[in-house]
Structures are given as structure tokens and as C-alpha cells.
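Here is how the chains run, residue by residue.
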Amino acid sequence: MMDIFSLKEKVIIITGATGLLGSQHAAVVAEAGGIPILLDLDQNRCNHLAIELKQKFGVDAVGYKVDITKEDEIIENVALIKQKYNYIHALVNNAANNPKVEDSAEKAFSRLENFPISVWNSDLAVGLTGSFLCAKHYGYLISENPDGGTILNISSDLGLIAPDQRLYRKYGLPENLQPVKPVTYSVVKAGLIGLTRYLATYWPDKNVRCNAICPGGVENNQNPEFLKEVTSRIPLGRMARKDEYKGLVLFLLSESASYLNGSIISADGGRTVW
Ligand SMILES: NC(=O)c1ccc[n+]([C@@H]2O[C@H](COP(=O)([O-])OP(=O)(O)OC[C@H]3O[C@@H](n4cnc5c(N)ncnc54)[C@H](O)[C@@H]3O)[C@@H](O)[C@H]2O)c1
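I will try to describe carefully the structure that is included in this document. (Residues numbered from 1 in each chain as written. Predicted model: local features only at pLDDT ≥ 70, side-chain atom pairs only at ≥ 80, totals over all residues. Heavy atoms only, no water.)

**Focus: the packing of aromatic side chains**
Part 1 of the reasoning: Scanning the entire structure with this criterion turns up three aromatic pairs.
Part 2 of the reasoning: Aromatic side chains Tyr 198 and Tyr 202 sit 5.7 Å apart centroid to centroid with 15° between the ring planes, which places their arrangement in the stacked category.
Part 3 of the reasoning: For Tyr 198, a relative accessible area of 52% corresponds to the exposed category.
Part 4 of the reasoning: Take Tyr 202: its relative accessible area is 45%, and that puts it in the partly exposed class.
Part 5 of the reasoning: The rings of Tyr 198, Tyr 202 and Trp 203 are connected pair by pair, giving a single aromatic cluster. (Phe/Tyr/Trp six-rings, centres within 6.5 Å; stacked < 30°, edge-to-face > 60°. Buried < 20%, exposed > 50% of the residue type's maximum accessible area, 1.4 Å probe, protein only.)

**Some remarks on the nonpolar core**
Part 1 of the reasoning: Core analysis: the biggest nonpolar cluster contains 33 residues, and Ile 12, Leu 53, Leu 152, Ile 213 and Leu 253 have the highest contact counts within it.
Part 2 of the reasoning: Put simply, the parts of the chain that give this core at least two residues each are β1 (11–15), α1 (22–31), α2 (43–57), β4 (90–93), β5 (149–154), α7 (246–253) and β7 (264–267).
Part 3 of the reasoning: Residues within four places of Ile 12 in sequence aside, it is in contact with Leu 7, Val 29, Ile 35, Pro 36, Ile 37, His 89, Ala 90, Val 92 and Leu 253.
Part 4 of the reasoning: Among the nonpolar cores identified, the runner-up in size contains 31 residues, and Val 11, Val 126, Ala 135 and Val 208 belong to it. (Core = buried A, V, L, I, M, F, W, Y, C linked by side-chain atoms within 4.5 Å. Helix = DSSP H or I, 4+ residues; strand = E, 2+ residues; numbered from the N terminus. Contact = heavy atoms within 4.5 Å.)

**Points about the site of the ligand**
Part 1 of the reasoning: Around the ligand, the surrounding shell holds 26 residues, and the nearest of these are Leu 21, Asp 40, Asn 94, Lys 189 and Val 218.
Part 2 of the reasoning: Asp 40 places a polar side-chain atom, nitrogen or oxygen, 2.6 Å from an oxygen atom of the ligand.
Part 3 of the reasoning: The contact in question runs from an oxygen atom of the ligand to an N or O atom on the backbone of Asn 94, over 2.7 Å.
Part 4 of the reasoning: If the ligand stood free it would expose 820 Å²; the protein chains cover 87% of that surface.
Part 5 of the reasoning: Classifying every residue of the shell around the ligand by side-chain character gives twelve nonpolar, eleven polar and three charged. (Near = heavy atom within 4 Å. Polar contact = N/O pair within 3.5 Å; in protein donor to acceptor, adjacent residues only side chain to side chain. Areas by Shrake-Rupley, 256 points an atom, 1.4 Å probe, with all protein chains shown as cover. Nonpolar A, V, L, I, M, F, W, Y, C, P; charged D, E, K, R; others polar.)

Here you go:
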């Protein structure tokens, strides 16, 4: 690994770390010599991933059950991390409620006119409030690091463009039952772009940078009809593989991105260009 991409001994917090993409972010951190701190809702899954990364890459890795919507759990975890490592270098705000609309039939509740306030509150609690709370506490800890560090927010192509609701249509269903991508996804992902710009200018004197990536959809056993439709809207003609964001994540967390701050980077096969 070239030095400018090394994360050697850098302590990096990843939220939603055991999910589809979180585990990829964690793997690239470990592969580059960093110490991934895995936060998610299930302690067993966190432990399992930490052991796997330790064995595979020979680095320290540790997992904690932390619900990022609960400030007291974050405060408790920050105290533990501070005691164990003293400083941290980076935070990846990755956790989100991630509804797989395309695989579900008759999710009439996802429609705006039926959308339950409880789902709105829960989606915003994880995607926005959770990211704010992590920036507040882990971000502050980064600002105390004499070398500074970096915050990476995981937005989405749908933080930049509206969902094309035609993608989710189910043949034969009446209009009022047609599933749609929920409003919260757009709101959370666009909100993270605002949070990114805010944080990029908040601790510049402490050398804390903040950037966001806007990944396109990852291929993950979606039905062939959906795949055909979605890939026809992507200039590269395919969805992403789950490991295709590792290079970008590594770049943004490493010293090679030392002059990137407040950047909102699309990584979507060209979807938002069309
Ligand atoms: N998968 C995609 O196609 C895609 C595309 C663009 C952007 N993204 C974004 O990438 C990120 C990761 O997506 P993914 O596909 O890996 O999703 P995922 O559902 O596989 O993982 C999300 C993880 O977040 C965790 N989580 C949920 N609530 C939490 C909470 N309160 N506290 C701590 N952890 C919590 C879940 O347990 C889960 O492990 C999300 O922000 C998502 O919106 C994903």
C-alpha cells in the first residue's frame, strides 16, 4: 500500500458497520492498516466482523453495540474509545434505514399519502439525527486529535436527484397501491449533504475535513425486471458491485485527500449525469 493511502494505526469509527456496505468500508480500513471501530445494533454481528477482520488483516478491530439514535449510548462509547485509544482519526456516517422498495410487493405504506409519521421519525432518527449525534461526539473527539482527521458521510445518488418512481411500479397494482421509494430516503440523503457542508467549515482550524459520497445502487439480488429498468438509466449499464466503493472510501479517509473538504462526490456509474 502506498504511504499516501495508508491508514496505519488510524482509529476509524464506522456506523452501520455490519451492513452490506459498512462491512466493505470496515474491510478497506483494516486492509490499509487502520483500526476499524464497528458500531451497529447487534453485538454478535459486530464481534463476528471484528474477529474476521483481525484474522484476515492482522489489525486491531473492535465492535460495539451502539444505537446511534441514543445519545447516552454514544457518550458511553466515546468514553470507552477515549480510554482505549486516546484519539480517533475518522468517522464514517454510514448507518441508515435502507428500505428495499424494489423487492417488496404492495408496500402501500411507502406512498407519501399513507406514510406513517412513526416511519418518518425512525428514518430521520437514524439517518440524520444519528449522523448529527455521531458528528457531535466522535467529530468533537477528532477535533481534539492534534493531527485532525476526517468525517465521511454516506449520502446517495438520491441525495442529488429525485427517485424515479417508475422503477418501483408493480404490474397489475392499482395506482394507490403502487410502491414508491419513501420520501425519507430523499430527505435523509439530501440532509447529509447539508451536514457535510456545515461540518466542512466547522473545525477547519483543527484540520477536521468533511466530505460526502453519493453512491449509486448496489446489485444485491434485485428482481430482473427492476434490474433491467434501473440499469437502462445508468450510463455504465449496470449497478455497482458492493466492493466498488472501497477505493473511494480509502482515498477520502487517507492523507491523499488532505485537501478535499466539503466535496460531494458522485459514484454512480454516471446515473446523475443523464
Ligand atoms: N446499498 C445501496 O445500494 C446503497 C446505495 C446508495 C447509498 N447507500 C447508503 O449506504 C449506507 C449503507 O447501506 P447498506 O446497503 O450497507 O445498508 P444496510 O441496511 O445493509 O446497512 C445499514 C446498517 O445500519 C445499521 N443501523 C440501522 N440503524 C442503526 C442505528 N440506530 N444504530 C446503529 N446502526 C444502525 C443496520 O443494522 C445495518 O447493519 C446507507 O447510508 C445507505 O443509504 C446504499
